[in-house]
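Secondary and tertiary structure notes
Listed below are the residues making up each chain.
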Amino acid sequence: MVAVSFNNVWKDYGGGAIAVKDLNMEIKDGEFVSLLGPSGCGKSTSLRMLAGLEHISSGEIVFGDKVVNDLPPKDRDIAMVFENYALYPHKTIFDNIANPLKQSKVAAAEIERRVTEAAKLLEIDQLLERRPQELSGGQKQRTAIGRAIVRQPQVFLFDEPIAHLDAKLRARMRGELKHLQFTLGVTTIYVTHDQLEALTMADRIAVMNDGVLQQFGTPQEVYDNPANSWVATFVGEPQMSLMEMQVTSLEGETALAFGSYTIEVDPKNSARLRAAGKKDLLVGVRPDKATVSLDESLGSIRGEVYSRQLLGADVLVEVEIGKSRVRAKANTSFAGTVGTPCYLNFGSEDLYFFDAKDGQVIPQ
Amino acid sequence: MASRELISYDKGVAVKVLKWASPIFLTFYLVWSLLPLFIMLVASLKDLLDAFSVPKPGDWAGVTIFFDFSPTLTHYVALFTENGFGTYLFNSLVASIGSAVIAVTFGSMCAYSLSRSEFRGKKDLLFWIISTRMAPIVAVIVPLYAIFRSVDLVGTLPGLILAFTTFNLPFAIWMLKGFFDGVPYAIEEAAQVDGQNRFQAFVTILPLVAPGIGAFVILCILFAWNDFLFATIIGSGGAKTLPAATKELVQPQNIDWGKIMAAGIVTTAPMIPLGLLVRRYLVAGLTMGAVKE
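Residues numbered from 1 in each chain as written. Chains lettered and ligands numbered in written order. Predicted model: local features only at pLDDT ≥ 70, side-chain atom pairs only at ≥ 80, totals over all residues. Heavy atoms only, no water.

Here we look at the overall build of chain A
When you go through chain A residue by residue, the secondary structure sums to nine helices and 20 strands. Viewed in the frame of its principal axes, chain A has a C-alpha envelope of about 80 × 45 × 40 Å. Across the 364 residues that make up chain A, the buried fraction comes to 51%. Across chain A, contacts joining residues at least 24 apart in sequence account for 67% of those joining residues at least 6 apart. As displayed, chain A offers around 16500 Å² of accessible surface, 49% of which is attributable to carbon and sulfur atoms. Here chain A contributes 40 positive and 48 negative side-chain charges, whose respective centroids are spaced 5 Å apart. (Helix = DSSP H or I, 4+ residues; strand = E, 2+ residues; numbered from the N terminus. Buried < 20%, exposed > 50% of the residue type's maximum accessible area, 1.4 Å probe, protein only. Contact = heavy atoms within 4.5 Å. Areas by Shrake-Rupley, 256 points an atom, 1.4 Å probe, with all protein chains shown as cover. Lys, Arg positive; Asp, Glu negative; His and termini not counted. Charge placed at Lys NZ, Arg CZ, Asp CG, Glu CD.)

Some thoughts on the overall build of chain B
Of the regular secondary structure elements, chain B holds 14 helices and zero strands. When the helices and strands of chain B are placed in sequence order, the string is α-α-α-α-α-α-α-α-α-α-α-α-α-α. Whereas a compact globule of 293 residues would reach a radius of gyration of roughly 19 Å, chain B reaches 25 Å, over 25% beyond that. On the principal axes, the C-alpha backbone points of chain B span a range of 75 × 70 × 35 Å. Every one of the 293 residues in chain B was classed for burial, and the buried ones make up 39%. Residue pairs in contact within chain B that sit at least 24 positions apart in sequence constitute 79% of those at least 6 positions apart. Positive and negative side-chain charges in chain B, numbering 20 and 18 respectively, have mean positions lying 6 Å apart. (Rg over C-alpha atoms; globule rule 2.2 N^0.38 Å.)

Remarks on the interface of chain A and chain B
Contacts between chain A and chain B engage 20 residues on the former and 15 residues on the latter. Where chain A abuts chain B, roughly 1500 Å² becomes buried across the two surfaces, and 62% of that area is made up of carbon and sulfur atoms. A salt bridge links Glu 189 of chain B to Arg 48 of chain A, with the nearest nitrogen and oxygen atoms 2.5 Å apart. Linking chain A with chain B are five residue pairs in polar contact (both at pLDDT 80 or more). Its residues assigned to classes, the side of chain A that touches chain B shows 11 nonpolar, four polar and five charged. (Buried area = accessible area lost by both parts, 1.4 Å probe. Salt bridge = Lys/Arg side-chain N within 4 Å of Asp/Glu carboxyl O. Polar contact = N/O pair within 3.5 Å; in protein donor to acceptor, adjacent residues only side chain to side chain. Nonpolar A, V, L, I, M, F, W, Y, C, P; charged D, E, K, R; others polar.)

Looking at the pattern of salt bridges
Counted according to the given criterion, the structure contains 25 salt bridges over all chains. Glu 176 of chain A is the salt-bridge partner of Arg 172 of chain A, the closest N and O atoms lying 3.0 Å from each other. Separated by four residues within a single helix, Arg 172 of chain A and Glu 176 of chain A lie in helix α5 (residues 167–184), roughly one turn from each other. For Arg 172 of chain A, a relative accessible area of 40% gives the class partly exposed. Among the salt bridges present, the one from Glu 188 of chain B reaches Arg 116 of chain B, with a minimum N-O distance of 2.7 Å. Separated by 72 residues along the polypeptide, Glu 188 of chain B in helix α8 (residues 185–193) and Arg 116 of chain B in helix α4 (residues 85–116) bring together distant segments of the chain. Each member of the pair Glu 188 of chain B and Arg 116 of chain B is classed as buried. Salt bridges sharing common partners tie together Lys 11, Arg 48 and Glu 54 of chain A together with Glu 189 of chain B.

Here's the deal with the domain arrangement of chain B
All names here are of chain B. What the domain assignment lists for chain B is domain 1 (2–72) and domain 2 (75–287). Across the contact, 10 residues belong to domain 1 and nine residues belong to domain 2. Summed over both partners, the interface of domain 1 with domain 2 buries about 760 Å², with 76% contributed by carbon and sulfur atoms. A per-residue breakdown of the area domain 1 buries against domain 2 is headed by Met 40, Ser 44 and Leu 48, which together make up 54% of the total. Taken together, domain 1 and domain 2 are joined by zero salt bridges. (Domains from an automatic or database assignment.)

What about empty space enclosed by the protein?
Empty space among the atoms becomes apparent when a probe as large as a water molecule is rolled across them. A complete count under the given rule lists one cavity of 30 Å³ or more for this structure. Here the largest cavity is characterised by a volume of approximately 40 Å³. Lining the largest cavity we find Ala 79, Met 80, Pro 100, Arg 147, Ala 148 and Arg 151 of chain A together with Ala 190, Val 193 and Asp 194 of chain B. In the lining of the largest cavity, the residues fall into six nonpolar, no polar and three charged. (1 Å grid on protein atoms, 1.4 Å probe; cavity = no way out; pocket = protein on both sides within 12 Å on 5 of 7 lines; lining within 4 Å. Points joined across faces, edges and corners; volume = space filled by probe spheres on them.)

Some words on the packing of α4 of chain B against helix α7 (residues 157–181) of chain B
Residues and elements named next belong to chain B. Two elements in contact, α4 and α7, have axes separated by 6 Å at closest approach and are oriented at 35 degrees. Handedness of the α4/α7 crossing: right-handed. Counted by class, the contact of α4 with α7 contains 20 nonpolar, nine polar and three charged residues. (Axes fitted to C-alpha atoms, helices over the stretch in contact; angles between N-to-C directions. Left-handed = near helix turned anticlockwise from the far one by under 90°.)

Examining a nonpolar patch on the surface
Residues and elements named next belong to chain B. A cluster of nonpolar side chains, contributed by Val 31, Leu 35, Phe 38, Ile 39, Val 54, Trp 60, Val 63, Phe 66 and Phe 67, occupies part of the molecular surface with about 900 Å² of accessible area. Among the secondary structure elements, Phe 66 is positioned in the loop between α2 (48–51) and α3 (74–81). The class for Phe 66 is partly exposed, based on a relative accessible area of 35%. (Patch = residues over 30% accessible without salt bridge, like charges linked within 9 Å, V, L, I, M, F, W, Y side chains within 5 Å.)

Quick word on the state of the cysteines
All names here are of chain B. All told, the structure shown has zero disulfides over all chains when counted by the stated rule. The thiol of Cys 110 is not disulfide-bonded; the next cysteine sulfur, from Cys 220, is found 13 Å away. When its relative accessible area of 26% is taken as the criterion, Cys 110 is described as partly exposed. (Disulfide = S-S within 2.5 Å.)

A look at the nonpolar core
Ile 61, Phe 63 and Leu 157 of chain A together with Leu 176 of chain B are the most contacted members of the largest nonpolar core, which totals 79 residues. Per element, the largest residue contribution to this core is nine residues, and it comes from helix α10 (residues 210–226) of chain B. In contact with Ile 61 of chain A, not counting residues within four places along its chain, are Ser 5, Phe 6, Val 9, Met 49, Leu 50, Ile 56, Lys 66, Val 67, Val 68 and Asn 69 of chain A. Counting 43 residues, the second-largest nonpolar core is a separate cluster that includes Leu 87, Ile 149, Leu 165 and Ala 198 of chain A. (Core = buried A, V, L, I, M, F, W, Y, C linked by side-chain atoms within 4.5 Å.)

Describing the packing of aromatic side chains
All names here are of chain A. Under the counting rule described, the total for this entry stands at 16 aromatic pairs over all chains. Above the ring of Tyr 88, the side-chain terminus of Lys 91 is found at 4.9 Å from the ring centroid. Residue placement shows Arg 286 over the ring face of Tyr 223; its charged tip is 3.9 Å from the ring centre. (Phe/Tyr/Trp six-rings, centres within 6.5 Å; stacked < 30°, edge-to-face > 60°. Lys NZ or Arg CZ within 6 Å of the ring centre and 35° of its normal.)

What to know about α10 of chain B
At 3.6 residues per turn, the α-helix brings residues three or four places apart onto the same side. Residue and element names in this part refer to chain B. The first and last C-alpha atoms of α10 sit 24 Å apart over 17 residues, in line with the 24 Å expected at 1.5 Å per residue. Of all the 17 residues making up α10, 12 are buried; the element is thus mostly covered by neighbouring parts of the structure. Of all the positions in α10, only Gly 212, Ile 213, Gly 214, Ala 215, Phe 216, Ile 218, Leu 219, Cys 220, Ile 221, Leu 222, Ala 224 and Trp 225 are classed as buried. (Expected span 1.5 Å × (residues − 1).)

Looking at the confidence of the model for chain B
Segments scoring low in pLDDT should not have their predicted coordinates read at a detailed level. All names here are of chain B. On average, chain B scores 85 in pLDDT, and the residues at 70 or more come to 95%. Confidence, expressed as mean pLDDT per element, reaches its minimum in chain B at α2 with 73 and its maximum at α4 with 93. The model gives residues 289–293 a pLDDT under 50, and that stretch makes zero contacts with residues more than four places away or in other chains. Reported confidences for the modelled complex are a pTM of 0.78 and an ipTM of 0.81. (pLDDT = per-residue confidence, 0-100.)

So this is what it looks like as structure tokens:
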């Protein structure tokens, strides 16, 4: 168990393809950190650099106080679970799990004991004599995890380990993985493109886009105070809506111009907007903080229903206002269908403010 | 899984003709390919008088004369006692198995590296490797002979093994590269994370390409076993193989048909089971990884 840090790490594949740009991150000993981002954002590359499966173009990766840049994977004392499990097809489940122990010349009796223990923990102890092709996806994935936990490594690396499982099994595995990591207390880096996985499992989330670390914070921080408009729209489901607004004044008070509407701003946010002094803003609102109704009310904005999606307990209504589309959650009794005029309401204290030019959040 | 039901449509005249023509063609083809083997076998068991007794032209009932003989093993015995075919058989075995083992050992390592690494000029290198196989051997045999002679390899078994390897190795590299390409790289990465070095990871995945390796050991043996040109020129003298030795049974003053037929059988027989074996392996090997699992 060890702290891990990236210091000014770059990964350049050549030909203008830069996968990771100047990554700086300190991961504490025993922490569960999730690398979150869309495909091609550099999160897997970062993980593979940690594992030693990719060279580092510049910068350094440090485990504890040891720079591991030039250490091959076998000398880094890591365990990794791959997206496609990467089990040895010709070996039994027992031999798959035992492989890391065999490599470090552990005595046969000890191997037997530890493999059985790991298999019991993962509930695959009755499958030890089978081969990977006889197993279901979930069982294969448990085997891959078993191979990782059977040896007490310094660092766990997970590369989208449950991305290929069905939704129900995925939900269950999230809980089990989190429990496992907590019990073992091993520093864990978990790559995923699923923001729900990151939010539910990680102690801290590192959101990446286009090779750049966008924000590194606790799930609550990332959700409540996104660093920029990109993070704001990537984290949270259903997605936050963004509207283009301009800062204006109404009877001497700071207000927002949205199309032909002028929206009043609460005192706290109006101080914040005044201090920032920006004019063009991207204003975000999460769907559960916006309400939609067929009846006009005080301060409501008129639009048209663009789409209506049933979420189960409620419906997600997309409202088209000018060239913006705003998502709002409504009761299932909401009667609007596509094209129906409707009225949107939100409180200014629930809004997120970003600079329209660079997308950065307006400081609090 | 896709349905295995055979769907039949209305057939045209051509299809109907083909339906009748194909068994006829196959019968003809079977006779064409098996008859020489059969004649060889029967002739090798006859003494010289029986071998040349043929019925008069037009006397179809006299065909039985072909089978009217008392089998004798004298030609076989003579081959091994008078002509030293024991040595030639040994040479053939050592040269072909030796070159096959060398070609597949180095070929698999080379194929693995070519499969796993990316570098500038990789395609050119691959083409160069296979181009050594494209050139007719006759074109290089003279310089090769000169080289082999200057290092005293002519007429020795190591020389012959080396010569056979020149054509087996490029073939092995190309074919085995295909097998390695079919093995997911993640398996080796997992092995490395498990604590293995690159070479150990390579050894870990070898069982996955075993059908391919098995098939190419056999193919390389077949190629080397059947080779005539290298065998007569590089191997002449001290490392004579079966085909070269058989050729020497044809003397200007006397063609010893009985022995030639027996030598043919001795040369062919060990390769028939290998041929059947390779068929099974090759199908397993070549279709490996054809469908994404």
